[in-house]
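# A closer look at the structure
Single-letter residue listing:
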Amino acid sequence: MKNKVVTAEIWRTSPYEGYSASTLGRIRNDRTGRILKPGKTKLGYLIVTVGGQSRYTHQIIMDTFMKISESEREVLSDIDHINSNRSDNRLSNLRRCSHRDNLISEHRMSQIRHSCVALNGQGEIILKAKSMTEMAELLNVTEATISIHVNSGKPLETGLTIVRDNNTDKQANTAKGVA
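Before going into details, it helps to say that this report is about the structure given with it. For clarity, every value in this text was computed on a predicted model and none was experimentally measured.

### What to know about the overall build of the protein
A tally of regular secondary structure across the protein gives five helices and twelve strands. Taking all 179 residues of the protein together, the buried fraction comes to 36%. Intrachain contacts of the protein at a sequence separation of at least 6 include 39% that bridge at least 24 residues. Of the roughly 11700 Å² of accessible surface on the protein, 51% is carried by carbon and sulfur atoms.

Shown next, in the form of structure tokens:
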């Protein structure tokens, strides 16, 4: 017999009258029993209309399950999606944090996940990587070194310049040498 992971959905009445929120990130109209279908913002956040107003789904989930005082809210002003997927509003994927910590986390994740290329002195691509982490491994340097050089535009000691790869097709975006 194989082990199975059972995920339970727990519903609680939200602070928004007439609506409940679940640990799986869903919002329900208590009067009709209907689960609301979320829309998506340009930035990828899920929103629902509650009480005639559009609200972020992640905000409703946290206000329902992780209530904090106004003084705490001044410090822990943001809600971070731990896996950086803005449409994953499961309670287990959300955490309260300061705005500064949220910006650092988001910036770091975008840098680590962003594909990049190494250019020689003539501007020719000689190496591609699907992330800065992978480029650091290929060149045997730290992620911080890659990040610093990508942001500054200055070449590494080897003479290679590392830049973000905005033209890489996602499927062909694997680390490889280019002749």
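### Notes on the nonpolar core
Grouped together as the largest cluster of nonpolar side chains are 14 residues, with contacts concentrated most on A21, I27, L36, V48, V50, I60 and I61. Elements supplying a minimum of two residues to this core: β2 (19-22), β5 (46-50) and α1 (57-65). Considering each element in turn, this core owes the most residues, four residues, to α1. Of all hydrophobic cores here, the second largest spans twelve residues; its members include M132, M135, V150 and I162.

### Re the side chain of H81
The topology assignment puts H81 in strand β7 (residues 78-81). Within the structure, the side chain of H81 is placed 3.5 Å from the backbone oxygen of R86, a separation counted as a polar contact.

### Focus on the sheet that holds strand β4 (residues 39-40)
Strand order in the open sheet formed by three strands is β4-β5-β6, with antiparallel pairing between adjacent strands. Two strands bound the open sheet, and with one partner strand each, they are β4 and β6 (53-56). For β5 and β6, the ladder comprises four bridges, and the chain directions are antiparallel. Note that in β6 the partner of T49 across the bridge is S54. The sheet strands contacting α1 are β5 and β6, and the helix crosses β6 at an angle near 75°.

### Details of unusual backbone geometry
Glycine aside, the phi torsion of most residues is negative, and most peptide linkages are trans. Phi at N140 is positive, roughly 55°, even though this residue is not glycine. Structurally, N140 is set in the loop between α4 (132-139) and α5 (143-152).

### Focus on the sheet that holds strand β1 (residues 11-13)
Reading across the sheet, the three strands line up as β1-β2-β3 and stay open at both edges, with antiparallel pairing between neighbours. Pairing within the sheet leaves two strands with one partner each, and these edge strands are β1 and β3 (27-29). In this sheet, neighbouring strand axes are inclined to one another by 30° on average, regardless of whether the strands run parallel or antiparallel. As paired elements, β1 and β2 share three bridges and run antiparallel to each other. Each residue of the ladder has a partner; that of R12, found in β2, is A21. Against the sheet, α1 engages β1, β2 and β3, with an angle of about 90° to β2.

### A look at the environment of S147
Residue placement: S147 occurs in helix α5. Using a relative accessible area of 17% as the deciding quantity, one classes S147 as buried. Sequence spacing of S147 and A136 is eleven residues, and the spatial spacing of their C-alpha atoms is 9.2 Å.

Each value, and the rule that gives it
Residues numbered from 1 in each chain as written. Predicted model: local features only at pLDDT ≥ 70, side-chain atom pairs only at ≥ 80, totals over all residues. Heavy atoms only, no water. Helix = DSSP H or I, 4+ residues; strand = E, 2+ residues; numbered from the N terminus. Buried < 20%, exposed > 50% of the residue type's maximum accessible area, 1.4 Å probe, protein only. Contact = heavy atoms within 4.5 Å. Areas by Shrake-Rupley, 256 points an atom, 1.4 Å probe, with all protein chains shown as cover. Core = buried A, V, L, I, M, F, W, Y, C linked by side-chain atoms within 4.5 Å. Polar contact = N/O pair within 3.5 Å; in protein donor to acceptor, adjacent residues only side chain to side chain. Pairing = 2+ DSSP bridges. Axes fitted to C-alpha atoms, helices over the stretch in contact; angles between N-to-C directions.

By themselves, these are just geometric observations and shouldn't be taken as functional.
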